[in-house]
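Overview (structure and organization)
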Amino acid sequence: MHAILSHLQTSPTAFHVPGHKMGRGLPGELGAWLSAAGRLDLTEIPGLDDLHAPEGAIRDAQRLAAEAFGAEETFFLINGSTAGNLAMVMTVCQPGDIILVPRNLHKSVIHGLVLAQARPVFYQPEVVAEFGIAGRVPAAEIARAVRENPQAKAVLITSPTYHGIASDLALIAGIVHEAGMLLLVDEAHGAHFAFHEQLPPTAMASGADMAVQSTHKLLGALTQASMLHVQGPRVDRVRLRKRLQLVQSTSPSYLLMASLDAARYQMETEGQARLEKALRAAADGRQQLLELPGLQVLPADDLLKWTIRVTGLGITGTDAYRILHEEHKMMLELSDPYNVLAVLSYADGERQVDRLVTALAKLAPSGHQLTVSAYTAPPKLRAVLPLHDAFDLPSVTVPLREAAGKVAAEMVIPYPPGIPLVLPGEEMTRDMLEYIEQLRSAGIRFSGAEDAALNTVQVIRQ
Ligand SMILES: Cc1ncc(COP(=O)(O)O)c(C=O)c1O
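Residues numbered from 1 in each chain as written. Predicted model: local features only at pLDDT ≥ 70, side-chain atom pairs only at ≥ 80, totals over all residues. Heavy atoms only, no water.

**Topic: unusual backbone geometry**
How we decide: Put simply, DSSP marks the helices as runs of H or I at least four residues long and the strands as runs of E at least two long, and each gets a number from the N terminus on. When a residue's accessible area, from a 1.4 Å probe over protein chains only, is under 20% of the maximum for its type it is buried; when over 50% it is exposed; and in between it is partly exposed.
Val17 connects to Pro18 through a cis peptide bond whose omega is 0°. Residue position: Pro18 is located in the loop between helix H1 (2–9) and helix H2 (28–38). Omega for the peptide link from Ser159 to Pro160 comes to 0°, which places this bond in the cis form. Structurally, Pro160 can be placed in the loop between strand S6 (154–158) and helix H7 (169–178). A positive phi angle, near 55°, is found at Gln117, a position not held by glycine. Tracing the chain through its elements places Gln117 in the loop between helix H5 (107–116) and strand S3 (119–123). Using a relative accessible area of 37% as the deciding quantity, one classes Gln117 as partly exposed. Positive phi, close to 60°, is recorded for Leu454, a residue that is not glycine.

In structure tokens form, the structure reads like this:
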């Protein structure tokens, strides 16, 4: 950040990209909003270093970040945790290598598996049936997966989940390392954990080898700005650097990188106090929510994540989300048939929490009993083709009801709980089609498939 400001103090006339020339030429309204910020949107000029071969300001900023986040080495990511997940998997896996991954893995991990041509073996997170969402991964489940797959290179785990549920990473790290494997953590939703003792321990503090964090999600960095943290002797750093070059732009945004540096500084100087304020307000607010009839709040490990089940009011989460927006001007993070999810952060306090609780208290019972079917575990599918082959092979579109016996060419991911039901290469069964039909009629949304309504699916052409 300082390097950019020092450069601006010299009042340079820019004869380099970007073409808007330090904000001067930014178009119309965008220019009006961004004119000052546009001055920071620079490129690799003397003094501003190079993300892909850092030896000055970016190297120093990454070192400061490593210290602040408890890592040995930190890499700035300008394409989100998505880039971090791709790079982690591609660093650890050669084609054909086995990696143990949770069934509730993020799409970017699946894409990492495809690019690395790795062979995923799935383990199962718990399901919090009352809220219909994925829960923590029991250490015993990791121990089982590791025992049954001794040739696996690594275990990748998502912790915390989107809903703020954290697994016991220290225990899991012990099991994974004992088996001679690496522990990779998709910690996209845990960038704030290092800065307050009431939050779960970070992946780095728990002994993970690599962890990726979306600094833009829960801290003050701009959207897409994320970090990859590394420690210990198990990660081949040369290979990692090469993979990062493969998945990241050669024109990294200085605005995004400056925002990572500024977010780090903000947390070091004010993080504890700001999180204290937010956590105190969140704890008080949760207490008030518990007293509201018809609402249930998930007891998450991250108290700043409020998953609120609203079906006791006779409305769905989707209804509540719409009402909160249209009638109370509250924009929540997401909704599903059961719940709404509100994300609080270090930037929130009593005022925001009070407004949200007041709005939630006004969600009047609809008067009719809502029947949302309870969560049931999906049938398991058999992989008949490697994931990366199935991703590549020509596909055809078939009506969903005719897909039994065919090999999926795409993912089918219901929200909630965000755990893929079908992955490319898996053989669709009649049981699975019936299961999908049930979810569809319960109003559950799907992602990953070409036809979001799921009237049709993509299968491998035979
Ligand atoms: C668990 C998880 N991992 C990774 C990502 C990707 O993060 P980003 O948006 O920073 O690329 C997300 C995004 O929502 C996520 O929920």
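**Concerning the domain arrangement of the protein chain**
Selection criterion: For the domains described, the bounds stem from an automatic or database domain assignment. Residue contacts are counted whenever heavy atoms from the two residues lie within 4.5 Å of one another. Buried area: the sum, over both parts, of the accessible surface (1.4 Å probe) that disappears when the two are put together.
Here the protein chain is partitioned into domain 1 (1–48), domain 2 (52–267), domain 3 (273–361) and domain 4 (382–460). The centre of domain 1, based on its C-alpha atoms, is set 32 Å off from the matching centre of domain 2. Listed as interface residues are eleven residues of domain 1 and, on the opposing side, nine residues of domain 2. Together, the buried faces of domain 1 and domain 2 total about 820 Å²; carbon and sulfur atoms form 63% of this surface.

**Notes on the nonpolar core**
Under the convention used in this document: We call a set of buried Ala, Val, Leu, Ile, Met, Phe, Trp, Tyr and Cys residues a nonpolar core when their side-chain atoms join them within 4.5 Å.
One finds Leu289, Trp306, Val310, Leu360 and Leu363 to be the most contacted residues of the largest nonpolar core, which totals 61 residues. For this core, the secondary-structure elements that each account for two or more residues are H1, helix H3 (57–69), helix H10 (254–290), strand S11 (305–309), helix H11 (317–328), strand S13 (339–343) and helix H12 (350–361). Top contributing element to this core by residue count: H10, with 13 residues. Setting aside anything within four residues of it in sequence, one finds Trp306 in contact with Ala282, Gly285, Arg286, Leu289, Val340, Leu341, Ala342, Leu344, Val353, Leu356 and Val357. Counting 35 residues, the second-largest nonpolar core is a separate cluster that includes Leu86, Leu105, Leu228 and Ile413.

**Brief notes about the environment of Leu256**
Note on placement: Leu256 falls in helix H10. By relative accessible area, which is 11% here, Leu256 ends up buried. Residues Leu256 and Ser226, 30 residues apart in the sequence, show an inter-C-alpha distance of 8.8 Å. Leu256 has contacts with Ile78, Leu222, Thr223, Gln224 and Ala225, leaving out every residue within four places of it along the chain.

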